[in-house]
Amino acid sequence: MPRAALWAILLAMAVLLPFAADLAGQGYYVGFATRVAIFAIAALSLDLILGYGGLVSLGHAAFLGIGAYSVGIWTSHGVTAAPVHWATALAAGGLFALVTGLIALRTAGVAFIMITLAFAQMLFFLAVSLKAYGGDDGLTLWDAARLGPLDLSDDRTLYWVAIAWLVLFLLLGRHLVASRFGLVLQGARSNERRMRALGFDIRRHRLLAYVLSGMAASIAGCLLAHMTDFVSPAYMSWQRSGELVVMVLLGGIGTLHGAILGAAVLLILEEVLAGLTQHWMLILGAILVAMALVARRGLHGLLAALRGRR
Amino acid sequence: MTPLLSVRGLVRRYGALVAVDHVEFTVLPGEVHAVIGPNGAGKSSFLALLAGEARPDAGEIEFAGTNITRLPAFARARLGIARAFQITAVIPDFPVLQNAVLAVLASVGRGFGMGRAAMHDPVLLDGARRLLARVGLAAQESRLAGDLAHGAQRQLELAMALAGRPRLLLLDEPIAGTGPEESRAMVALLQSIRQAPGERPGIVLVEHDLEAVFALADRITVMAEGRVIACDVPDRIRADAAVRAAYLGDDAR
Amino acid sequence: MDPILLLTQALNGLQLGVMLFLMAAGLTLVFGIMGLINLAHGSLYMAGAYAMAAVFAWSGSFLAGLAAAVAAAALLGVAIEMAALRLLYRRDHLDQVLATFGLILFFNELARIIWGPAAIFVTVPAALSHTVEILPGAPYPAYRLVVIAAGVAVAAGLYLLIARTRLGMLIRAGASNRTMVSALGVDIGRLYTAVFALGAGLAALAGAMAGPILSVEPGMGEPVLILTLVVIVVGGIGSIRGAFAAALLIGFVDTIGRAFLPALLRDLLAPSAANAVGPALASMLIYLTMAVVLAIRPQGLFAARTG
């Protein structure tokens, strides 16, 4: 089957999912699918820097928090226009990425991991100390965000909006990694010294990738707040950042669509395990350890191996 | 003739060790200036200083009339100083063609190029294929660079260094470690580069293979313990007693 | 500024600093020598705290609790190292992050299963439950003074171990050149396991001593882990000396900042603004310190020589 047809079918299925859920009388799954789409955006954005840039960020949930608080703070002041929320999130997320990236990108490797984690933690504590916006307890949003005539508190509307963002970011991402910029980013991942010797100022490329990635993840944060009508520092906990890394690895690093697969698989896995036992984190933890030791290229790699490629 | 590259009083210390000790050095346009010396003589450190990968503790480096002592590596590359590494440094998980495209991209594009597809761009692809043809790798363009034989990787690396039509090439042991066949091919390739009309880059050649050095070099500088102990044309270096004592030892013919 | 308050806060800072050093020493050694980033280091700290709480409650002896904590965590460390982590030394940092993140989830849930989700409170041992008048009118809890003394003593012991003993020589050699250590005929696998156990024991000591100061609960290791990562980055990854200096720096900055920054801002800003900004800024202070250090010295204060 040609690839374009495959993508078209997948897209049609994604768009029609709410109707299928209705027919089956399982409206719950629309909300779940929205969660998957939202985390897919966040994981996809992380894959740009992690998979293509070779930059392991363990603080990506900070951007989810920036997006969520953009919605929360505007809404608490009576501004419910989603485009305003989104524009604010894009600007704030980009700015935070720019400032922290300038410092974090002075280092590499393991130091970069620790610094991104630390900056996310800084933002976490900042949110905790923002008593005016709920502090530790978080902030409940009483007014639904609106997109023109659309009400984003409607499950289906929000789902389609999330899918639209996801498709947009996937298309942008695919275009970006195939561009000259993407080639340089990937070259620097493999051999930094060679790239410098060729005359590339790779820190600028990495910084730009980091900023773009942060902006996309901030949109995921907005959507998360639209969905839960609630924002709290917990959105940017370091566990959340860890989960995003797991999603990227699970689906197959450096593939973009793998991040979507990974987000779906991890969320479904969590759901299934939580249905089995209250102590599902024990099992999930063991699975992650086993995955790191054995299945190194994620599900994408497994699928590729099964199909006999590579 | 004004030198293309001139180095004055260059010093680099690593703790108590003086790796590069007040080195004076010039390269004329079109000249092959070889640097030889025993292991630990400071040759690689010296080359790293020229490339901008390390900062000198003292001294000046001037390239084509510009003082480049404080410039970082990528900025020196943009001025026309290209580099091939001792440990082969291609992008191993890219196909050969994609490596060459990157090198061409480095010489043509400045902005980020986010809107332009890289592997469908005729300017980049044509340039890359010309480079590969020049070093004899055209038939292997779709193999992963990491899968190439050692000698072929060195040729690819040289091709990448040539992409920007550099005015100065810094070559760190391009021949050492290759088989006799590959070694002859590389010497021939280097000959063709220095004689290519219109380009004639200056070349700094750090190399252990003395046969190749005496075949290629216009001048030879001998380093030992960070210092320059001799600098002259090949015939006189061959005859120099101090050099024989310090370096060539009993192996000298 | 009140000098007695300042002294008290300085001691609090010192106490946080030595605790962070106990954590950071193991983490930075494991990274410097084995090249492993172990996010589950906080789990060993938690293991120490729980082992301490259990044995102290059972035996009534604080010292027995401490010994049990260190021994249990060292054993646990050896088990983790041999079962999983040693397979990851030469791997990508990404695999290490994934595996050790998985271990954190695993151990936090395990603690929840064994001891329940609620926090356990450990009492200060009776002999140390009084306060000491360090200056006239300045009482300070005896237990905290002992923690500081113990931390400093362990730091000194660690210094002697690394500077004077055969194991220490191998550790130093291992940090700079692995192949040379193998060439000396040392079983490098055993050395790695020993280093890991040492780091685990130190983390457990920190966790056990923190028990009476903080609460013992699942997930208690991670806030400390993140502070420790800041310490290691600021100190220079792989450097014990750097870890010591940075641990004290971060300990002081955090404690003093929280104690005095809000008051200081009240002198400078309007009260409402100061009340809003003060706590926020105080909680961000160590991260800002890290940012400043890295902006000036990306390799940290004491960069370990790496090839």
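Everything below is about the structure shown above.
In this report, we go over the structure that sits alongside the text. (Residues numbered from 1 in each chain as written. Chains lettered and ligands numbered in written order. Predicted model: local features only at pLDDT ≥ 70, side-chain atom pairs only at ≥ 80, totals over all residues. Heavy atoms only, no water.)

## Here we look at the overall build of chain A
Scanning chain A from N- to C-terminus turns up 13 helices and four strands. Relative to the compact-globule value of 19 Å for 310 residues, chain A shows a C-alpha radius of gyration of 19 Å, a close match. Along the first, second and third principal axes, the C-alpha atoms of chain A reach 55 × 45 × 40 Å. Put simply, chain A has 310 residues, and 57% of those count as buried. Considering only residue pairs separated by 6 or more positions, chain A has 76% of its internal contacts joining residues 24 or more positions apart. Carbon and sulfur atoms provide 68% of the accessible area of chain A, an area that totals close to 12,100 Å². (Helix = DSSP H or I, 4+ residues; strand = E, 2+ residues; numbered from the N terminus. Rg over C-alpha atoms; globule rule 2.2 N^0.38 Å. Buried < 20%, exposed > 50% of the residue type's maximum accessible area, 1.4 Å probe, protein only. Contact = heavy atoms within 4.5 Å. Areas by Shrake-Rupley, 256 points an atom, 1.4 Å probe, with all protein chains shown as cover.)

## Remarks on the packing of helix 3 (residues 61-76) of chain A against helix 4 (residues 82-104) of chain A
Residues and elements named next belong to chain A. Remark: helix 3 packs on helix 4, axes separated minimally by 9 Å, with the N-to-C direction vectors making an angle of 140 degrees. Comparing the axis directions of helix 3 and helix 4 gives the class oblique. Where helix 3 crosses over helix 4, the handedness of that crossing is right-handed. Two secondary-structure elements touch here, helix 3 through Ala 62, Phe 63, Ile 66, Gly 67, Ser 70, Val 71, Trp 74 and Thr 75 and helix 4 through Val 84, His 85, Thr 88, Ala 89, Ala 92, Gly 93, Phe 96 and Ala 97. Its residues placed into classes, the contact of helix 3 with helix 4 shows 10 nonpolar, six polar and no charged. (Axes fitted to C-alpha atoms, helices over the stretch in contact; angles between N-to-C directions. Parallel < 35°, antiparallel > 145°, perpendicular 65-115°, else oblique. Left-handed = near helix turned anticlockwise from the far one by under 90°. Nonpolar A, V, L, I, M, F, W, Y, C, P; charged D, E, K, R; others polar.)

## A few points about the sheet that holds strand 1 (residues 5-14) of chain B
Residue and element names in this part refer to chain B. In spatial order, the strands read 2-1-4-5; together these four strands make up an open sheet with antiparallel pairing. Pairing within the sheet leaves two strands with one partner each, and these edge strands are strand 2 (17-27) and strand 5 (66-67). With two bridges joining them, strand 4 (residues 58-63) and strand 5 adopt antiparallel strand pairing. Within strand 5, the residue paired with Glu 62 across the bridge is Asn 67. Along the sheet, helix 1 (residues 43-51) contacts strand 1, strand 2 and strand 4; its crossing angle with strand 1, the most-contacted strand, is approximately 120 degrees. (Pairing = 2+ DSSP bridges.)

## Remarks on the interface of chain A and chain B
Facing the 26 residues of chain A at the interface are 35 residues of chain B. Across the chain A/chain B interface, buried area totals approximately 2,700 Å², and carbon plus sulfur atoms make up 64% of it. By the criterion of area lost to chain B, the three top residues of chain A are Arg180(A), Leu183(A) and Arg194(A), representing 32% of everything that side buries. The interface formed by chain A and chain B holds four salt bridges in total. The residue Asp121(B) makes a salt bridge to Arg180(A) at a minimum N-O spacing of 2.7 Å. The tally of links between chain A and chain B comes to seven residue pairs in polar contact (both at pLDDT 80 or more). If you tally residues by element for the side of chain A that touches chain B, the top one is helix 7 (residues 180-190) of chain A, at eight residues. Here the side of chain A that touches chain B is composed, by residue class, of 11 nonpolar, eight polar and seven charged. (Buried area = accessible area lost by both parts, 1.4 Å probe. Salt bridge = Lys/Arg side-chain N within 4 Å of Asp/Glu carboxyl O. Polar contact = N/O pair within 3.5 Å; in protein donor to acceptor, adjacent residues only side chain to side chain.)

## Side note on empty space enclosed by the protein
Residues and elements named next belong to chain A. Under the counting rule described, the total for this entry stands at five cavities of 30 Å³ or more. Considering only enclosed or pocket space, the largest cavity measures out at about 60 Å³ in volume. Taken together, Val 71, Thr 75, Leu 141, Asp 143, Ala 144, Ala 145, Leu 152, Ser 153, Ala 225, His 226 and Asp 229 make up the lining of the largest cavity. At the level of elements, helix 3 and helix 9 (202-228) are the ones that each hand at least two residues to the lining of the largest cavity. (1 Å grid on protein atoms, 1.4 Å probe; cavity = no way out; pocket = protein on both sides within 12 Å on 5 of 7 lines; lining within 4 Å. Points joined across faces, edges and corners; volume = space filled by probe spheres on them.)

## Comments concerning the packing of aromatic side chains
Here the structure, examined in full by the defined rule, presents 15 aromatic pairs over all chains. A centroid spacing of 5.8 Å and a plane angle of 85 degrees characterise the contact between Trp238(A) and Phe101(C), whose relative ring orientation is edge-to-face. Of this pair, Trp238(A) sits in helix 10 (residues 238-251) while Phe101(C) sits in helix 4 (residues 93-115), each in a different chain. On the basis of relative accessible area, Trp238(A) is assigned to the buried category, the value being 9%. (Phe/Tyr/Trp six-rings, centres within 6.5 Å; stacked < 30°, edge-to-face > 60°.)

## Quick notes on the interface of chain A and chain C
With 41 residues of chain A at the contact, the number on the chain C side is 41 residues. Each partner contributes to the roughly 3,900 Å² buried at the junction of chain A and chain C, and carbon and sulfur atoms together form 83% of this total. Ranking the residues of chain A by area buried against chain C places Met114(A), Trp238(A) and Leu282(A) at the top, with a combined share of 16%. On the surface where chain A and chain C come into contact, there are zero salt bridges. Scanning the region where chain A abuts chain C turns up five residue pairs in polar contact (both at pLDDT 80 or more). At the level of secondary structure, the elements contributing two or more residues to the side of chain A that touches chain C comprise helix 5 (109-129), helix 10 and helix 12 (280-293) of chain A. Of the residues contributing to the side of chain A that touches chain C, the split by class is 29 nonpolar, nine polar and three charged.

## Regarding the nonpolar core
In terms of nonpolar packing, the biggest core is built from 198 residues, with Leu223(A) and Met34(C) touching the most fellow members. At 17 residues, the largest contribution of residues to this core is made by helix 2 (residues 28-52) of chain A. Each residue touching Leu223(A), except ones within four places of it in the same chain, is listed here: Ile38(A), Ile41(A), Leu158(A), Val161(A), Ala162(A) and Trp165(A). Among the nonpolar cores identified, the runner-up in size contains 62 residues, and Ala128(B), Ala161(B), Ala163(B) and Leu190(B) belong to it. (Core = buried A, V, L, I, M, F, W, Y, C linked by side-chain atoms within 4.5 Å.)

## Digging into the side chain of Glu109(C)
Position of Glu109(C) among the secondary structure elements: in helix 4. Taking relative accessible area as the criterion, Glu109(C) reaches 2% and is therefore assigned buried. Leave out the neighbours within four places in its chain, and Glu109(C) touches Gln278(A), His279(A), Met281(A) and Leu282(A).

## Looking at helix 6 (residues 180-195) of chain B
Residues and elements named next belong to chain B. The terminal C-alpha atoms of helix 6, which comprises 16 residues, lie 23 Å apart, in line with the 22 Å expected from a rise of 1.5 Å per residue. Among all positions of helix 6, only Ser 183, Met 186, Val 187, Leu 189, Leu 190, Ile 193 and Arg 194 are buried. Angularly, the buried residues of helix 6 cover 160 degrees about the axis, an arc narrow enough to put them on a single face. What points out from helix 6, more than 90 degrees from its buried face, is the exposed set Glu 181, Arg 184 and Gln 195. Of the surrounding secondary structure, the elements contacted by the buried residues of helix 6 are strand 3 (32-36), helix 4 (122-135), helix 5 (150-162), strand 7 (168-172) and helix 7 (210-216). (Expected span 1.5 Å × (residues − 1). Arc of directions from axis to C-beta.)

## Some words on the pairing of strand 7 of chain B
Residue and element names in this part refer to chain B. The element strand 7 is largely enclosed, with a buried count of five among its five residues. Burial along strand 7 is two-sided: the face carrying Leu 168, Leu 170 and Asp 172 and the face carrying Leu 169 and Leu 171 are both buried. Judged from the four bridges that link them, strand 6 (residues 81-84) and strand 7 form a sheet pairing that is parallel. Directly across from Arg 83, in strand 7, lies its bridge partner Leu 170. Two strands pair when backbone bridges link them, and strand 7 and strand 8 (residues 202-206) are joined in this way by five bridges, in the parallel orientation. Opposite Asp 172, over in strand 8, you have Val 206 as the bridge partner.

## Here's the deal with the environment of Gln86(B)
All names here are of chain B. Among the secondary structure elements, Gln 86 is positioned in the loop between strand 6 and helix 3 (96-108). In sequence terms Gln 86 and Asp 218 are 132 residues apart; their C-alpha atoms lie 21 Å from each other. In contact with Gln 86, other than residues within four places in its own chain, are Ser 44, Arg 154, Asp 172 and Glu 173.

## What about the sheet that holds strand 10 (residues 227-232) of chain B?
Residue and element names in this part refer to chain B. Taken in spatial order, the six strands make up an open sheet running 6-7-8-3-9-10, and their pairing is mixed. Edge positions in the sheet fall to strand 6 and strand 10, since each has one partner strand and no second. Taken over all neighbouring pairs, the strand axes of this sheet differ in orientation by 15 degrees on average, direction set aside.

## Focus on the pattern of salt bridges
Inspection of every chain in the model, using the stated rule, returns 22 salt bridges over all chains. With a closest N to O distance of 3.6 Å, Arg206(A) and Glu192(A) form a salt bridge. Of this pair, Arg206(A) sits in helix 9 while Glu192(A) is found in helix 8 (residues 192-198), placing the two residues 14 residues apart along the sequence. Note on Glu192(A): relative accessible area 29%, which makes it partly exposed. Ionic pairing is found between Asp21(B) and Arg227(B), a salt bridge with its closest N-O pair at 3.3 Å.

Read these as layout, nothing more, since geometry by itself doesn't imply function.
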